[in-house]
Amino acid sequence: MSNPNDNENAAAREEDDVELPNLNDTELDNAVFAAAYQSDDSIADALDNAGDAEQEADADAQSEDNDEDADAEAEGDGEGDGEGEGEGEGDGNADGDADGDGEAAAEDEDDDNADDAGDADNANAEDDPAADRRSATKKELTQIIDKWEQEQTQSGYDPVPTLRSLAEIFEREKDAYMRKDPDPLDLRHPYRTDPSCQYGLLLKLLFRKDQFMGKLLNEYLRENYFSRQSVSRSSLELNIIACRLILVVMPGLETTAVFQTAEEDGIINRLYNWAEDSIEPLQSYATGLLAAAMEVSDIAISCRDQNLRLVPKMINRLHLLLACSCMSKNSTTEATTSHNNSADSTFSQGMLSWMACGAASAPQSPQHNGASGSASNMSILFENSRDAFPVSRYYKRMYIPLHPPTADTSQMLIMRFLTSLGEYQEFLGMAFANNVMMLIFGHLEELDRRDTCLAYEVLKYLASLLCHKKFALEFISTGGLELLLNVPRPSLATTGVSIAIYYLAYCEDAMERICSMPRPLISNLVRYALWILGRCHDSSKCHATMFFSLSFQFKVILDEFDAQDGLRKLYNVISVLKILDPSHNDSDNASDINEDVECASRQMVRHVCVALKRYMEAHFFYKYNNFLCQHYATSSSSSHYFSQHPTVAAKLTFDQLHEQIRTLQEHTSVRAHWEPVDQLLKLGGITMLLRIIAFSYEWVNSGRSETVRSALDVLSVCCVIPRVYLVLCERLQMLDKTTTSGICSVLGAAAGEITADAEVLKSALAVLCHCVCSPIIRKDSGTSLMKFTNSSRKNKANQKYAEELIEKVWESVCSNNGIVVLLSLMQTKGPITDADCIRGMACRALAGLSRSDRVRQIVGKLPLFASGQLQALMRDPILQEKRAEHVIFQKYALELLERISGKTNPLNNPLDPSLTNMHKANVIAQTRIQYNEQQLYQLIFEHLESKGLGQTAQMLQREVGLPLQTTTIRNFHQSPFDYKGFSGVSSITRSRLRSRMQDVNAAIMSSGDQGRSQADDSSPHCSTSGSAFSSSMSATSSAPGVPNFSHISAQTPIKLRKTERATSSLNRSLQKQISLGTAESSAVGLPDELANSPPLYPKRVTLNSIVTEYLTNQHSLCNNPVTTCPQFDLYEPHKCPDPRPSRLLSSNYNLTSRHFRTQAGFNTAHFDRRHVHTHFAPWRTIRSADYDELEFTCCDVVGNYLIVGTHQGESKVFNMNDGVEQCASICHTYGVDAIQANRAGDLVLTTSLWRLQTTILWSITDNEFRSKLRLPEVGYCEFSQTTQDRLLGTHSDSAVLYDINTGSKISTFTPTIPNQYTKNRATLCRTDELLLSDGVLWDVRSGKEIHKFDKFNQCISGVFHPNCLEIIANTEVWDLRTFHLLQTVPVLDQRNCTFSPMHVIYGASLGADRDHDVETTTYDTSFNVLDAYDYSSIATIDVKRNINDLSVSANGSLIAVVEDHSGYDSKQETCVKIYAVGVKKSERSEEEDDEEVPESEEGSDTGSDTGSENAFSIGPNFMGFPLRSHRNHNFIDIESSSDDDNDSDLDDGDDDDDDDIEIISDVDNFDFEGDGSSDD
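Residues numbered from 1 in each chain as written. Predicted model: local features only at pLDDT ≥ 70, side-chain atom pairs only at ≥ 80, totals over all residues. Heavy atoms only, no water.

Visitor: Give me the overall build of the protein: which residues, what numbers.
Guide: Tallying secondary structure elements over the protein gives 61 helices and 30 strands in all. Summed over its atoms, the accessible surface of the protein is roughly 68,600 Å², and 48% of this surface lies on carbon and sulfur atoms. (Helix = DSSP H or I, 4+ residues; strand = E, 2+ residues; numbered from the N terminus. Areas by Shrake-Rupley, 256 points an atom, 1.4 Å probe, with all protein chains shown as cover.)

Below you can see the structure in the form of C-alpha cells.
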C-alpha cells in the first residue's frame, strides 16, 4: 500500500525542494503545496528571504530546530502522526529511538534522569548543536525556577520577568513541537505523544514545582496582587503574562482539578469579567482560559448565566473581527499581488454593517503605567497581525501563536470558547439569532492552503453545532456541504472536515437530504472521506471511518464507496498496523510499539471492524431484498415483505438478520460468488478478522467486546458464501509463533475465553451455526439467489463439493474441541438475561454438527443424553420472560434427540423425550394390534341393548353369530401375564402403574398411531361413531347375561377419560385427540413448527381406529413393551411380560453358589472379583522416624519394598514386611511429586513440579541413590513397558522419548492442534507401539499422528487400558479400533486410574491441596473400585483422609495409599497405609481407625521399626524378587510380621481376633492374581 504521506525520504525531498524556483509558477504551486505540508520550515527558510526583525528571530529559533525536526521526519513522521500512533504507514516512528520506555522512566524517576535519558537518545540521533541547545534550554529553565524560589519570598518581589522568560521558553519549544504537525485532536500530554520532544520534557519538569504552579494558578491571577504586597503598582501586566503562561502550558495541565479549584477561589468569575470587558491581550487570554474551563461539564452548568450573557458578545466580536480581516485582506491583496482573487463585494458590504455596530461597543484600553494615548482592541490586534508572519507564497503556518496577540489569536480563542458550549441546547438559539451560519461561511470561503489554522477552529465549532438536527439541516440547505468539500487538502482544516462529516452522518435526516443531492457531489464527498482514510491523522481516520459506518445504510453512499475501491482503502487502514503483524516481534524495533501506540491501534481496529460490519450488513440487506423481489415476482400478496427500490437499509434485529442469512444459505449455490465477500477474500480480510479475534485474547481495553463482536458479525454475513468455510479452517500464525485455526478462535469467543459479554457469545455461536448447520442440498430453482448452474451433472458435482466442504468444517470444529464447548453452553445459566438464547443457539449448532456420523456416535454416549439431563433442561426456561427463546431451545433439542436416536417420528409430549422413552415409542409403533372381532360385536350388542334397540341387537346377534347371553361375570384382572389374586390388590398395583406411566403414554401415543397400518379401516362393521363407543364403554349394562363392570369401573386402569395435570393442559382423551387429528404439542408452549404436521390425506375416524388407539394406549402402559404381542382382549387389560430377574445377581456374594456354578462350567470370575474387592483391611502403616516433620507425597510398591517421596525432596525405601527404613536420599530441592521404579527395582524416577519442573533418573546401588540422567522441564515421566530401556517425558503439550543408556532424545511428539490439558501425562501402551499425549494418539515408530480424541474435560489427558483396545480419558472410554466413544463412567470424573493385575481399576483424586482450610469432602478421601471389564462400580472405600497417591503391588493383593491428615485445628501428618485386598476389617481394627489420632504418643510403637540396626544390602536386583504363587502360599507372611505391630490386623498374637484367622484361611481359595481361565 503506497502512502503519499510517508516521509522516509525526507532528505531526498528537501533536495528536490531546493530546485523548486526553477519551475514555472503553476508547477511550483502544486509541488510545494503537496510536499511542504509534510516537511518542516527549512523549506520556507530556503525560499523566503523577506521579513522584519521578528521574522528573523523566528527563523533563527527555527534553524536551531532544523536538525531535530529533520531527524524526526526521517524516522517516518507522517502528516499528523508525529505522536507515534503506530499505523505503519510511515507514521508513529518519531518516538522510535528507544524512547518507548522513556515515559515510564520519566514517571518513576526524577526529571533529571528522564531528561538525561532523552538527551542521550537524541545525542545518538541528532547533531551536537541540537543536543547542546536542548541541554541549554533545560538548564535555563532550571536556573529561572531556582532563582524564583530564592527571590519570591522577598518583599515587593516582581514575578513578571520570571513569567515572561518562562513564557518565551515554552513558546519557543511549543513552536518546535507544533512544526512536527502533531494530531490536533490528540489531548494527551505532549511527552506521551512524542517522548523525544523538548516541550513535553519541560512541561514535566515545570509541573514538579508545586509551589510555583500554585502561585501561578492562584496568586498571579489576582487583580490586587501587588497591593497585597504593599506595592503601589497595577497587577494588569502580571495578570496578562500569567494568563499567557498558563495557556502555553495548558496541554500539560489537568483541567478538571485546576479549574474546580479556581472556581472555589473566584478566579472563574474574574476570567468572565476580563473576557467581557478588558484590554487586549488579557481579554483574549481570559477567553482562552474560559474555553478550557468550559470543557468541564460541572463548571459549564454552574456558569450557565454568565455564558448566556457572554456568548452573544463573543459572536458579535467574531463578526467584527471577520469584517475587519476581510477589509485588511482586500487592501493588502490589491496593493501587493494581482493574481489573488478579491473578496466578494456583497459580502464585504454586509460585513461593514456588523463592524459599524460593533465599533461603538468595543472596549477601549485604559491608561497603563502612564502610557499616553489609547487605541481600540481591534487596532492592537490588527497592528500585531500586520507583520506577524512571512508573506512568502511558500510559507505554511502550522499553528496560531499566542504572542504577540493577533486578530487570528483572538478569533481562535473565542472559537474554542464557543466550541465548548456548542453542544448545549440553550445556546443554539443564540447561534441562529446572531447569524453564526454566515460567520462560518465567511471563514470557510476562499481558504488559503498555506494558512488553515483558523479554519480548523471554525470547523470544530461547526461540528459542535452539527450535533443539533435543526442546524445540520440548515447547513445542508444553504450549501454547507459544497463548502466543506472545497476545504483544501492537505491542510490542518482537513482534520476539522473529518469531524464535521462525522456529525453530519450522525443525523439521519441530514444524510437523507445529502443522498438526494446530485451524484457528482456525493461522489466528491466519498472521495474526500476516502482521502482522509489514507493521508491524515489518526483522529481524522477514526472520524472518517465512523462517517462510513453511519452512512453505509444509504445505498447511494454504498455504491459510491464500492465504485471508488473503498473497501481496499478501508482495509488498508488496519492491514499495516504492527499489532496485527505476527512478524513484528522478530524485528529489533519491537519496543517501538509502546502502550499508547497499542491503545490507539486497537481503537483504530475497533472502528474499522464496526465499519466493516455495517458495510456487510448493508450489502446483505439489499441482496436479500433482491432475492425477495425475485422470489415473489409473481406474487402480489407478499409485496409488503420488501421494497422494490430501497434507498436506506432497514435496521434488523439479531434474530431477523441471522434468520435471513439461513434463508439465503438455502437458496445459494455452493459455488456462488458475491462481490463484497469475493473482494474481502481477495484482500485477505477474512483472515485479518480471524487474526483480530485471535489476538484480542491479550488485549485489555474497553472496546475489546465491540471489536470482537463486530468481527464475528462480519464473518456471519460472509458465511452466505460457502467458500468462506475454507478460510475459517485454515491455520493462522499467532504472535508467539504458534498456529491456530479460525474455527478455534471462534470457539474460544463462544466459550467466553476472550470476554464474558453475552453479545460476543451469541455472535460467535451465530458463526458456528451458519457453518455447521449449512445446508448440504441447496434449493436450486429458477428463483434461487446467486445460482451457479442448472445442469444435473453440475448439481451432482456441487452436492459432492458441498458434502466435502461441510465435512471439513465438522472435522475442524471437532478437532478444536467444539463439542465440549457447545455442551457447556447448552447447560449455561448466566448471564441470566441471555442464557436461554445462548442455550438455543448452542443446541442448534450441536444439532447441525450431529449430522456427522462421528459426532452423532460420540454425543449419544454422553450423560447429557444418555442420563436424561437434556430433558431436565427442556422443562423450564432460565428466565420466565424468555419463554420464546426457550421454545427455540426445545425445538432444536428435539431435533438433536431425533438425530441421535435415529427416530424421525416426532413426539407428542416433549416434556420427557428421553432416549429410553423414544425407544419404547418406537417399539409400540411397530407393534401390530390384533383383537377379537367377536368381542367387539358383543360390546356393540350390549350398547344397543342398553339404548333400547332390542330388534337391532337381535339382528346383529343372528348375523354375526353371537353366543347367547350368560350371567357369568368376568374377573377384569385375570390376565395371562398378571398375578392371579384379588381384584382389589391387582387394581391398586395397576393404578400405581398407570400413574407412573402417564408421561410415557403421552410421549408415545402419536408414534404408535403413526406407525400402525390401517388396512382394516374399510371393513363394513367398523362404522360406529366414536361417541357411541364411548357411551357404551361408560354405561352400565342392565340386560341379563351381559357382563356388568359397574362395580369395578372406578378401578379400571385404562379408562377413556381426560387426565388432569397441574403443569400443563396436555389432554390424552380419545375424544379430543380424534377431534384434533394430531397430538397437541402446543399445550406445553411449543410453536406450531414443533407440532406434528398434518398427514397428506386426513384419516377417517372409524371404529377400528378407535379400538386400535384404545389398545395402543394399553400397550403404552407396559414397563417393557414388546413388538410381537398375542391377540388383545377387549375385556381384560393388556400387559407385556416383565423380564425374568437374573438368578446370578442373587448369588454374587454366595460362595457356595459360585463354587457350584464354577464346577458346572459357568464363568464366575466376575462375581469372585466383585466379592474380593469389596473388602480392604489395613495391614501396615509406614511412618518415618521423624514423621512429625516429614510429609509423604507419593509412593510406589515394588516387590516387598515401598519407595516413598517426601515434601522435603527426600526419597525413602521401606521394607513392607517389618516397616523398617532401608535407605534414603535427598533427590530434589523441593518436594517430590511423583516417584516410579522399574520392574527390576534398580532404577527410580523422581519428579518435582515446584518452580522449575525437573525429572531425575536414579540408579540404586549400595543403598545409595545415584543420579544417572537429569531431564529439565519434564513434568511427568515413565518407563517404557516392554524392555524399559527408554523414558517417556511430558513437556507441556508435547512428549519426548529418551534413551536411558545414552540420555539422548529419540523422538519428539508435538501435536498440530493441542488439547492443552492442564495435567497432561504422556503414556505408552503395553506393547510400546502407541503413545498417547495431550489426547492425541501417535504411532511410536513412524512418529505420525493417528487420531485426536475429543476433549471433554480440562485436566486429565487419558491412559491406555491394559487390554490395549481402549483408552480411558477421565469419564470417557474410547475404542482404539474404531475411535468411537464406547461409554462414559461418571464415577471416574477427575480421578486418576490405577490398574490392578486382578482386572480392577482404582480411581482416586490424588494430591489433595493440603493448604486449604475447607472441610474434607468424601470426594478427596475415598477411592473407587471398578471392574476393568465393564467399568461397573464395585465399591467406594473411604479412608477418612486426603489421598496423595495410590500404588498397587505387582500381584494386586496389596495397595499402598499415602494418606494426609490435615485440618484447621490439628497438625498435619502423613503416612503410607497398606491395605490387604479381600480381607474383611475386624471390629477392633475399625475401632482403632476411629480412635487413631494424628500424633502418636511418645514411646508408642508407630508400626515401623525405626530403631532397627538390620542392614539391608541393595544390589542390582534390588526389589526384583519373583512373585509368589498364591495358589500355594499365603500372600501375607504372618510369621514374619512383628508381634509388636499394633497396626497389623492380621497379628497371630491377637487371640481375640478369631475372625481374622478364618478370613486368612479362606484367602487361599481366591484367585488374587486374577489370571484364571474363567476371566478369559
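Visitor: An account of the packing of aromatic side chains is requested, with residue identities and associated values reported.
Guide: Applying the stated rule across the entire model yields 28 aromatic pairs. With centroids separated by 5.3 Å and ring planes inclined at 65°, the aromatic side chains of F552 and Y615 adopt a geometry described as edge-to-face. Of this pair, F552 sits in the loop between α31 (538-551) and α32 (555-563) while Y615 sits in helix α34 (residues 595-631), and the two are 63 residues apart along the sequence. The burial state of F552 is the same as that of Y615; both residues are buried. A ring pair is formed by F1309 and W1338, whose centres lie 5.5 Å apart and whose planes are at 65°; its orientation type is edge-to-face. Of the two residues, F1309 sits in strand β15 (residues 1305-1309) while W1338 sits in strand β18 (residues 1336-1339), which places them 29 residues apart along the sequence. (Phe/Tyr/Trp six-rings, centres within 6.5 Å; stacked < 30°, edge-to-face > 60°. Buried < 20%, exposed > 50% of the residue type's maximum accessible area, 1.4 Å probe, protein only.)

Visitor: Explain the pairing of strand β19 (residues 1345-1348) to me, using residue names and the numbers behind them.
Guide: Looking at chain direction, β18 and β19 are connected through three bridges and run antiparallel. Within β19, the residue paired with L1337 across the bridge is H1347. Between β18 and β19, which follow one another and run antiparallel, lie five residues, and G1343 among them has a positive phi close to 75°. (Pairing = 2+ DSSP bridges.)

Visitor: Please give an account of the side chain of T1255 that cites residues and values.
Guide: Residue placement: T1255 occurs in strand β10 (residues 1254-1261). Assessed through its relative accessible area of 0%, T1255 is described here as buried. At a separation of 2.9 Å, a polar atom in the side chain of T1255 contacts the main-chain carbonyl oxygen of V1274. (Polar contact = N/O pair within 3.5 Å; in protein donor to acceptor, adjacent residues only side chain to side chain.)

Visitor: Mind laying out unusual backbone geometry, listing which residues take part and the relevant values?
Guide: Going from H403 to P404, the amide bond is cis rather than trans, its omega being -5°. Structurally, P404 is set in the loop between α21 (377-386) and α22 (407-421). The phi dihedral of S1292 is positive, around 50°, even though this residue is not glycine. Considering the arrangement of structural elements, one finds S1292 in the loop between β13 (1286-1291) and β14 (1294-1299). Taking the relative accessible area as the measure of exposure, S1292 reaches 55% and is therefore exposed.

Visitor: How would you sum up the packing of helix α24 (residues 436-444) against helix α26 (residues 469-477)? Please name residues and give values.
Guide: At a closest axis distance of 11 Å, the pairing of α24 and α26 adopts a crossing angle of 50°. One way to sum up the angle between α24 and α26 is to call them oblique. Of the two possible hands of crossing, α24 and α26 adopt the one that is right-handed. Residues M437, I440 and F441 of α24 lie in contact with α26, whose contacting residues are F471, E474 and F475. (Axes fitted to C-alpha atoms, helices over the stretch in contact; angles between N-to-C directions. Parallel < 35°, antiparallel > 145°, perpendicular 65-115°, else oblique. Left-handed = near helix turned anticlockwise from the far one by under 90°. Contact = heavy atoms within 4.5 Å.)

Visitor: Outline the sheet that holds β14, listing residues and values.
Guide: With antiparallel pairing, four strands are arranged side by side in an open sheet as β12-β13-β14-β15. Of all strands in the sheet, those with a lone pairing partner are β12 (1276-1279) and β15, marking the two edges. Strand-to-strand twist of the sheet, defined as the mean angle between neighbouring strand axes without regard to direction, takes the value 20°. Summarising the sheet, β14 and β15 pair through four bridges and their orientation is antiparallel. Note on β15: the bridge partner recorded for Y1298 is K1305.

Visitor: Describe the pairing of strand β28 (residues 1442-1448), naming the residues involved and giving the relevant values.
Guide: For a regular strand, the rule is simple: side chains alternate between the two faces of the sheet. Of all seven residues making up β28, seven are buried, and the element is well covered by its neighbours. Note that β28 and strand β29 (residues 1454-1461) share six bridges and pair antiparallel. Within β29, the residue paired with L1446 across the bridge is V1457. In this antiparallel pair of consecutive strands, β28 and β29, the connection spans five residues, and G1452 shows a positive phi of 80°.

Visitor: Explain the packing of helix α38 (residues 704-718) against helix α41 (residues 758-772) to me, using residue names and the numbers behind them.
Guide: For the pair α38 and α41, the least separation of the axes is 9 Å and the interaxial angle reads 20°. As far as their axial angle goes, α41 and α38 are roughly parallel. As α38 packs across α41, the resulting crossing turns out to be left-handed. Every residue of α41 that contacts α38 at S705, V708, R709, L712, D713, L715 and S716 is listed here: E759, V760, S763, A764, A766, V767 and H770. When grouped by side-chain class, the residues that make up the contact of α38 with α41 number seven nonpolar, four polar and three charged. (Nonpolar A, V, L, I, M, F, W, Y, C, P; charged D, E, K, R; others polar.)

Visitor: Summarise the confidence of the model for the protein; cite the residues concerned and give the values.
Guide: A residue-level look at the protein finds 67% of positions with pLDDT of 70 or above and a mean pLDDT of 74. This stretch, residues 1-127, has a pLDDT under 50; its non-local contacts, to residues over four places away or in other chains, come to 214 contacts. Contacts for the low-pLDDT stretch residues 1493-1576, under 50 throughout, to residues beyond four places or in other chains number 156 contacts. (pLDDT = per-residue confidence, 0-100.)

Visitor: So, the sheet that holds strand β25 (residues 1400-1404): which residues are in play, and what are the values?
Guide: Strand order in this open sheet of four strands is β24-β25-β26-β27, and the pairing throughout is antiparallel. Since the sheet does not close on itself, it has two edges, and those belong to β24 (1392-1396) and β27 (1433-1438), each with one partner. For this sheet the average axis-to-axis angle between neighbouring strands, irrespective of direction, equals 25°. In the sheet, strand β26 (residues 1422-1427) pairs with β27 via five bridges, with the strands oriented antiparallel. By the bridge assignment for β27, L1426 is matched with S1433.

Visitor: Could you give me a rundown of the pattern of salt bridges, with the residues and numbers involved?
Guide: A complete count under the given rule lists 44 salt bridges for this structure. Two residues, E237 and R164, come together in a salt bridge whose shortest N-O distance is 2.8 Å. Residue E237 is located in helix α14 (residues 236-248), and its partner R164 is located in helix α9 (residues 160-178); the two are separated by 73 residues in the primary sequence. The class for R164 is partly exposed, based on a relative accessible area of 29%. Between E1221 and K1212 there is a salt bridge, and its shortest N-O distance comes to 3.3 Å. Under the relative-accessibility criterion, E1221 is labelled partly exposed at 28%. For K1212, a relative accessible area of 4% corresponds to the buried category. Salt bridges sharing partners connect three or more residues here, namely D158, R164, R233 and E237. (Salt bridge = Lys/Arg side-chain N within 4 Å of Asp/Glu carboxyl O.)

Visitor: Before we move on, can you summarise helix α16 (residues 267-276) with the specific residues and values?
Guide: In terms of burial, α16 is a largely internal element, seven of the 10 residues being buried. Taken together, the buried positions of α16 are I267, I268, R270, L271, Y272, W274 and A275.

Visitor: For helix α35 (residues 654-666), give the residues involved together with the corresponding values.
Guide: Over its 13 residues, α35 extends 19 Å from the first C-alpha to the last, a length consistent with the 18 Å expected when each residue adds 1.5 Å. Those residues of α35 lying buried are L657, H658, Q660, I661, R662, L664 and Q665. Contacts made by the buried residues of α35 are with α34, α38, α39 (723-729), α41 and α44 (835-849). (Expected span 1.5 Å × (residues − 1).)

Visitor: Please set out the environment of R233 residue by residue, giving values where relevant.
Guide: Relative to the helices and strands, R233 resides in the loop between α13 (225-228) and α14. Not counting residues up to four positions away in its chain, the partners in contact with R233 are D158, V160 and F226. Among the polar contacts made by the side chain of R233, one reaches the side chain of D158 at a distance of 2.7 Å.

Visitor: Give me the environment of V458: which residues, what numbers.
Guide: For V458, the location among the structural elements is in helix α25 (residues 453-465). Taking C-alpha positions, V458 is 8.6 Å from R416, a pair spaced 42 residues apart along the chain. Once residues within four sequence positions are removed from consideration, V458 is found in contact with M415, I440, H443 and L444.

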